[in-house]
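Fold and geometry: a report
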Amino acid sequence: MLELIFFIPKEAQKKMMLEFIKPTFSELLNTGEISSFVYTSYPKRLILEVFTTEENQVFNEQISTKWKQYLQSEYEYFAAFKMTEVQTLFREFPQDYIKILEHEHVDESDPFYTKDTSLLNLEILECLVENEYDFEYSLCLVFTYLYCLGGYAPKIYLEQSKELLNTIEFFPSTKEKLNAEVTSILNENEKEIKERLDELFIELNAFHELESAPTTFSKWKLSYGMLTNNTEIIDITLLFEKFRNQLFFSDAEIYMISTIIINYFEEKYCYNFV
Amino acid sequence: MKLKNKISFCTVSMNRLYHLKETLVRNIEDNIDYENIEFVLLDYNSNDDIKSWVTNDLKVYLDMGILKFYSTNIPETFHRSHSRNVVMKLATGDIICNLDADNYLGKDFAYFINYQFSFSGNIFLTSAFADGSTGRVCVKKDDFLAVKGYDERMSGWGFEDDDLYNRLTMSGLKNVKFNNSEFVEFIWHDVEESFENDINVTGVSAMYIQHKSSFQSTLLFLFQDGKFKYGNIEKPKAEEDAVNTELVEDTWQTGTFTKQNNAHISLTFTNDITKKIHIATTEATKNTVTQDAFIRVTDSIFKGRLLLLLTSLENKKLYKNKFASLQTAPNPENWGETIIQNLSKSLQSC
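Keep in mind the model is a prediction, meaning the values are calculated, not measured.

**Some points on the sheet that holds strand β2 (residues 37-44) of chain B**
All names here are of chain B. On the basis of which strands lie adjacent, the open sheet formed by eight strands has the order β7-β5-β6-β4-β1-β2-β3-β16 and mixed pairing. Sheet topology places β7 (174-178) and β16 (341-342) at the edges, where each strand pairs with a single neighbour. In the sheet, strand β3 (residues 67-72) pairs with β16 via two bridges, with the strands oriented antiparallel. Within the sheet, the bridge partner assigned to Tyr-70 lies in β16 and is Asn-342. Sheet strands in contact with helix α1 (residues 17-31) are β1 (7-13), β2 and β3, and its direction is about 170° off that of β1. Contacting β1, β2, β4 (95-98), β5 (123-127), β6 (137-140) and β7, helix α5 (residues 109-119) runs over the sheet at an angle of about 140° to β5.

**Digging into the interface of chain A and chain B**
In this assembly, 15 residues from chain A lie in contact with 15 residues from chain B. Contributing elements (two or more residues each) for the side of chain A that touches chain B: α9 (172-205) and α10 (216-225) of chain A. Looking at which element gives the most residues to the side of chain A that touches chain B, the answer is α9(A), with five residues. Residue classes in the side of chain A that touches chain B are distributed as nine nonpolar, three polar and three charged.

**Quick notes on the nonpolar core**
Counting 96 residues, the largest nonpolar core has Phe143(A), Cys10(B), Cys97(B) and Ile113(B) as its most contacted members. Take this core: its biggest share by element is nine residues, from helix α7 (residues 135-148) of chain A. Non-local contacts of Cys10(B), meaning those with residues more than four positions away in its chain, are made with Val40(B), Val87(B), Met88(B), Ala91(B), Ile96(B), Cys97(B), Asn98(B) and Leu99(B).

**What about helix α11 (residues 236-247) of chain A?**
Residues and elements named next belong to chain A. For α11, with 12 residues, the first-to-last C-alpha span of 17 Å sits near the 16 Å given by 1.5 Å per residue. Taken together, the buried positions of α11 are occupied by Leu-239, Phe-240, Lys-242, Phe-243, Arg-244, Gln-246 and Leu-247. At its buried positions, α11 is contacted by β2 (34-41), α6 (118-130), α7, α8 (154-165) and α12 (251-269). Taken from the residues just after α11, Phe-248 is the one with a positive phi, measuring 60°.

So, how was this worked out
Residues numbered from 1 in each chain as written. Chains lettered and ligands numbered in written order. Predicted model: local features only at pLDDT ≥ 70, side-chain atom pairs only at ≥ 80, totals over all residues. Pairing = 2+ DSSP bridges. Helix = DSSP H or I, 4+ residues; strand = E, 2+ residues; numbered from the N terminus. Contact = placed C-beta atoms within 7 Å. Axes fitted to C-alpha atoms, helices over the stretch in contact; angles between N-to-C directions. Nonpolar A, V, L, I, M, F, W, Y, C, P; charged D, E, K, R; others polar. Core = buried A, V, L, I, M, F, W, Y, C linked by C-beta atoms within 7 Å. Buried ≥ 20, exposed ≤ 12 C-beta atoms within 10 Å, placed from the backbone. Expected span 1.5 Å × (residues − 1).

Right under this line is the structure:
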């Protein structure tokens, strides 16, 4: 397994993911040069874990060349993005922002390696960018993901959402602003949002019929369903963290989305979740 | 909000009111949040007070339509496969689930079932444990009907579940097993309780054993109506546990008997062959070995073990020998049918 570290600021990663990682690695998957890959986003770097089927040396050179070509073609964008940060990174990692580490031993039974959803998330990221991160769309996506993590009953959704919400810490003033934002969203669109979540919940609960064409969310559901399939111990927090990072959801977005999901279930099923 | 998939929990009771009083209300309350469910209860000619209990204590659920109560007074003894077929055919759900009277479903099990079926319609769900929850199976009603349900030739205790699961698998479904501890609770009781009304053991008046070796014996069961069942049993390997005991012949041999005196019983088999057997004076224990004489079994634990063999070994033999290539049960045309009274309606109209 190879670990490719791209030293790119978070703000530029989405573009790089869609323009470089998605086309390049989809092609490598298709040609069989890699068997799977997993990516995780961090503030100043993006880490890609790749299972190669080709000789590592050949693969390393191939990927470095492609990356260099892409970087040169978009040099102005990346260089201008945050000059200070980019210059610092250049000094630190002169080989075109990339560092490739080789790992000899990897536990392939680890569900985080074997249940890779990176390619799917790249497709979803594209949808999110195309929809300019439409809030309702994001809400439905998170709802679908929670369902797949085992949120089969309303109370379990609530427990999961609460648990994930507790992993995010804000300054009290930020939290106040976010709560005000949630109230404002609900005041303006409460009926529409709840109707949409009702529809989605029915859609998620419906039988999977192989003959019928899957909808966007039922397709995602089936893909994400593999995450927990036959896996006894699931670290929901860690899986969710990876999901968020891959789709570049900010803490604020996730806070608002989770709060609305909790609100939806508390009202619908009258659960007192104090 | 109505969910697409209706789920039916199907329970048969023959004199199991004492279990139902512990489990049924809790099962309903634990799953009532999932709106699209029904509990179908079949009274399989019980002698207990089940009707008045349902009428008085469960009226609220009958009125809500969440509990459906049926009764039949035809069967004189308990037939596991037939009774389950009857109740599961009465169910109106998209997904039907066998729920033994001593089982607890657990909170939100209905949601869990629907969740599992939402990922793939081509599955059936069973408990991952070989214990009191083994018989819990959730299957789409269409799939259950397609394989013609439980095989009604398997009247006894055991293997009728394995046979059904086998045939559902062979029909192309994937067996998803759940091991969530909250969904597999049940009331512990002696295994003998499971077959006390069983068609195979009802009326047994005496039982005898002839030990041939440490892994071969002959069993003789005498019935009150003058009939007997006789058969050779063995453990395929001497060192194997008793659970691996098998019937040598495909079925128990049957006929009528005459007690000539305390030392001899005369057996007339259905093929007119007669056999005179010698009864030893000592009582049988598990460790007694005699080469020729039969010993009367009086130890209650040992008797229970032998009754278990009586009710289960034919099922086991059928399961092992004949079913590997069958996808549908060779049931009669009218499988899963009997004369049924819909007590929910009559009670609701009172």
